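Next come the chains, spelled out residue by residue.
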Amino acid sequence: MKQGEINKRTEGDINTTSEREKWNLREKDRHTQLILEKDERYFMHQSMSTPCLDVLKSSKNSYIENLSGNKYLDFHGNNVHQIGFGNEELIQKLIAQLKTLSFSTRRYTNEPAVLFAEKLASIAPSDLNRVLLTPNGSSAIGIALKLARAITGKFKVVSFWDSFHGASLDAISVGGEAVFREAMGPLMPGVERIPPPVTYRGIFENNEAKCLEYLEYVFAKEGDIGAFLAETIRNTDVQIPSKEFWKEARKLCDKYGVLLILDEIPIALGRTGKLFAFEHYSIEPDIICLGKGLGGGIFPQAAVITRDKYNTFGELSLGHYTHEKSPLGAVAGMETIRIVEGLLEKVKADEAFLKTELNRLKAKFDIIGDVRGIGMLWGVELVLNRLTKEKAVEAAEKVMYNCLREGLSFKVSSGNVLQLSPPLTITREELLKAIHILENSISNL
């Protein structure tokens, strides 16, 4: 497989392969076929979305269910399902809110939005007390970039290759995945990308010091960098920097007057065992971007949190969105955080279980080159040869479809990484079932 083709698989599995064709030819009931045909007819076709895998009828707790009644344990969930699908407590809170105030007209505020902002400020450290709300993660990234320019007077940004920060034009400008930038130029100027720190393969494999050296080199050479934007932990293929890396990166930002923007849109809210991933590193960002699961998997909700001292731009429109102070989004966010706060100890116990089980599979199967993870975010990297680390792209896709046939859904990232991201509410029995399906699927390659 050519490198360009592998690059297009960075964010997830794609829909133009022979394995996808085999899946699409599976026998489906006539109603399912009709819906899939209409989906393909009326929606714009795009990478990773068309044609669709199946038609969903319902979702509850850890499962999604198709029209035929087949259920899948969902270890993908677009990272919105921390509290499971269709959480009944959240649904009741939303129903109650719908009966009173369903939308907040601009120029007015509302109590749910104010209480939500207060809650976000209370769970963020020190003086990270100022909030802007927005409906989606890409918009949160846009707000953060605008705020960084206003604060520093500088428009240049450093980010990592292979990073994903959203799909809007400004977000792909600072992102590092080729599949999103193809045919989209010219993009936002002033973006400097550097290779990320990784523990398995890559230019800086197991050499974070060299990555930090490169980061400082760019800071020093450019001289007018305003922000360093990064995922605290790389979600898509699960890359976990060391504590030392982030502490040194924070020092470099302070040394060169660069704002640290941490994108925790897919990984915050308990997925790593703490509310925020940066808590593992004993650092603070200057701006935090949240989203995805913040709305409990029901309502689209995102947020930006920054420091009190940056609240000096009342004359600028930093995040002027129609649903900015949505009472429904605020209720969803408040209830989601409340539930997640009660799940953190469970996540730590489940992390230990998954670490043991996935490393057992690694010892059993030579095709597994690496297992890495934290909390309820895990990556299983498949290779053709453990010495050369050549990516087992076709095998990874076969494993994914084998698992789907047995009732386990997840995505394949970077061409060969099985990314496992279950709900935080999942039961131990369901985790065991998923491990069993994965083990059988690899055995049947």
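These numbers come from a predicted model, not from an experiment. (Residues numbered from 1 in each chain as written. Predicted model: local features only at pLDDT ≥ 70, side-chain atom pairs only at ≥ 80, totals over all residues. Heavy atoms only, no water.)

A. Just the overall build of the chain, in detail. Along its length, the chain carries 14 helices and 15 strands. Scaling as 2.2 N^0.38, a compact globule of 445 residues should have a C-alpha radius of gyration of about 22 Å, and the chain matches this with 22 Å. The contacts in the chain between residues at least 6 apart in sequence include a share of 72% that link residues at least 24 apart. When the accessible area of the chain is evaluated, it comes to approximately 19,500 Å², of which 53% is carbon and sulfur surface. The chain carries 56 positive and 58 negative side-chain charges, and their two centres are separated by 1 Å. (Helix = DSSP H or I, 4+ residues; strand = E, 2+ residues; numbered from the N terminus. Rg over C-alpha atoms; globule rule 2.2 N^0.38 Å. Contact = heavy atoms within 4.5 Å. Areas by Shrake-Rupley, 256 points an atom, 1.4 Å probe, with all protein chains shown as cover. Lys, Arg positive; Asp, Glu negative; His and termini not counted. Charge placed at Lys NZ, Arg CZ, Asp CG, Glu CD.)

B. Local environment of the packing of helix H5 (residues 111–123) against helix H11 (residues 327–341). In contact at an axis separation of 8 Å, H5 and H11 are set at 35° when each is read in the N-to-C sense. Judged by the twist between their axes, the crossing of H5 over H11 is left-handed. Contacts between H5 and H11 involve Pro112, Ala113, Leu115, Phe116, Lys119, Leu120 and Ile123 on the former and, on the latter, Pro327, Gly329, Ala330, Val331, Gly333, Met334, Ile337 and Glu341. (Axes fitted to C-alpha atoms, helices over the stretch in contact; angles between N-to-C directions. Left-handed = near helix turned anticlockwise from the far one by under 90°.)

C. Molecular detail of unusual backbone geometry. Here the bond from threonine 50 into proline 51 is cis, since omega is -5°, no more than 30 degrees from zero. Backbone torsion omega between glycine 185 and proline 186 reads -5°, so that peptide bond is classified as cis. Positionally, proline 186 belongs in the loop between helix H8 (178–181) and strand E6 (191–194). Here asparagine 61, not a glycine, exhibits a phi torsion of approximately 55°, which is positive. Along the polypeptide, asparagine 61 turns up in the loop between strand E1 (56–60) and strand E2 (63–66). Of note in the backbone geometry, valine 238 takes a positive phi value of approximately 55° without being a glycine. Within the secondary structure, valine 238 sits in the loop between strand E7 (225–231) and helix H10 (243–256). Judged by relative accessible area, valine 238 falls into the buried class, the value being 0%. (Buried < 20%, exposed > 50% of the residue type's maximum accessible area, 1.4 Å probe, protein only.)

D. Just the pairing of E7, in detail. Counting buried residues in E7 gives seven out of seven residues, a clear majority hidden from the surface. Direction of pairing for strand E5 (residues 156–160) relative to E7: parallel, over a ladder of three bridges. By the bridge assignment, lysine 156 is partnered in E7 with isoleucine 225. As judged from the five bridges shared by E7 and strand E8 (residues 259–263), these two strands associate in the parallel manner. (Pairing = 2+ DSSP bridges.)

E. Broad picture of the packing of aromatic side chains. Applying the stated criterion to the full structure yields nine aromatic pairs. Geometrically, the ring pair formed by phenylalanine 228 and tryptophan 246 is tilted, given 6.1 Å between the ring centres and 35° between the ring planes. Of this pair, phenylalanine 228 sits in strand E7 while tryptophan 246 sits in helix H10; the two residues are 18 residues apart in sequence, bridging distant segments of the chain. Side by side, phenylalanine 228 and tryptophan 246 carry an identical accessibility label, which is buried. With a centroid separation of 5.3 Å and an interplanar angle of 75°, the aromatic rings of phenylalanine 245 and tryptophan 246 are classed as edge-to-face. Across the pair, tryptophan 246 and phenylalanine 245 agree in class, each one buried. Taken together through their ring pairs, the aromatic side chains of Phe160, Phe219, Phe228, Phe245, Trp246 and Tyr256 make up a single cluster. (Phe/Tyr/Trp six-rings, centres within 6.5 Å; stacked < 30°, edge-to-face > 60°.)

F. Structural detail: the pattern of salt bridges. The final tally for this structure, using the stated rule, is 34 salt bridges. When the shortest N-O distance is used, the salt bridge between arginine 106 and glutamate 324 registers 3.3 Å. Placement of the pair is arginine 106 in the loop between helix H4 (88–98) and H5 and glutamate 324 in the loop between strand E10 (302–306) and H11, with a sequence separation of 218 residues. In this structure arginine 106 comes out as partly exposed when scored by relative accessible area, which is 34%. In this structure, aspartate 254 and arginine 250 form a salt bridge, with 2.7 Å as the shortest nitrogen-oxygen distance. (Salt bridge = Lys/Arg side-chain N within 4 Å of Asp/Glu carboxyl O.)

G. Broad picture of the packing of helix H12 (residues 344–364) against helix H14 (residues 428–443). At a minimum axis separation of 11 Å, H12 and H14 run at an interaxial angle of 15°. Between H12 and H14, the interaxial angle falls into the category roughly parallel. Here H12 runs over H14; the crossing is right-handed. Facing Ala349, Asp350, Phe353, Leu354, Glu357, Leu358, Arg360, Leu361 and Lys364 of H12, the residues of H14 in contact are Arg428, Leu431, Leu432, Ile435, Leu438, Glu439 and Ser443. When its residues are assigned to classes, the contact of H12 with H14 shows nine nonpolar, one polar and six charged. (Parallel < 35°, antiparallel > 145°, perpendicular 65-115°, else oblique. Nonpolar A, V, L, I, M, F, W, Y, C, P; charged D, E, K, R; others polar.)

H. Examining the nonpolar core more closely. Among the nonpolar cores identified, the biggest contains 98 residues, and Phe228, Trp246, Leu358 and Phe410 are the most heavily contacted of them. Those residues in contact with phenylalanine 410 that sit more than four places away from it in its chain are Phe75, His76, Val399, Met400, Cys403, Leu418, Gln419 and Leu420. Listed in part, the 22 residues of the second largest apolar core include Ile141, Ala144, Ile261 and Ile265. (Core = buried A, V, L, I, M, F, W, Y, C linked by side-chain atoms within 4.5 Å.)

I. Local environment of the side chain of aspartate 54. Of note, aspartate 54 is situated in the loop between helix H3 (30–42) and E1. A polar atom in the side chain of aspartate 54 sits 2.9 Å from the side chain of asparagine 66. At 3.1 Å, the side chain of aspartate 54 and the side chain of tyrosine 72 are in polar contact. Contacts of aspartate 54, omitting those with residues within four sequence positions, involve Thr32, Leu36, Asn66 and Tyr72. (Polar contact = N/O pair within 3.5 Å; in protein donor to acceptor, adjacent residues only side chain to side chain.)

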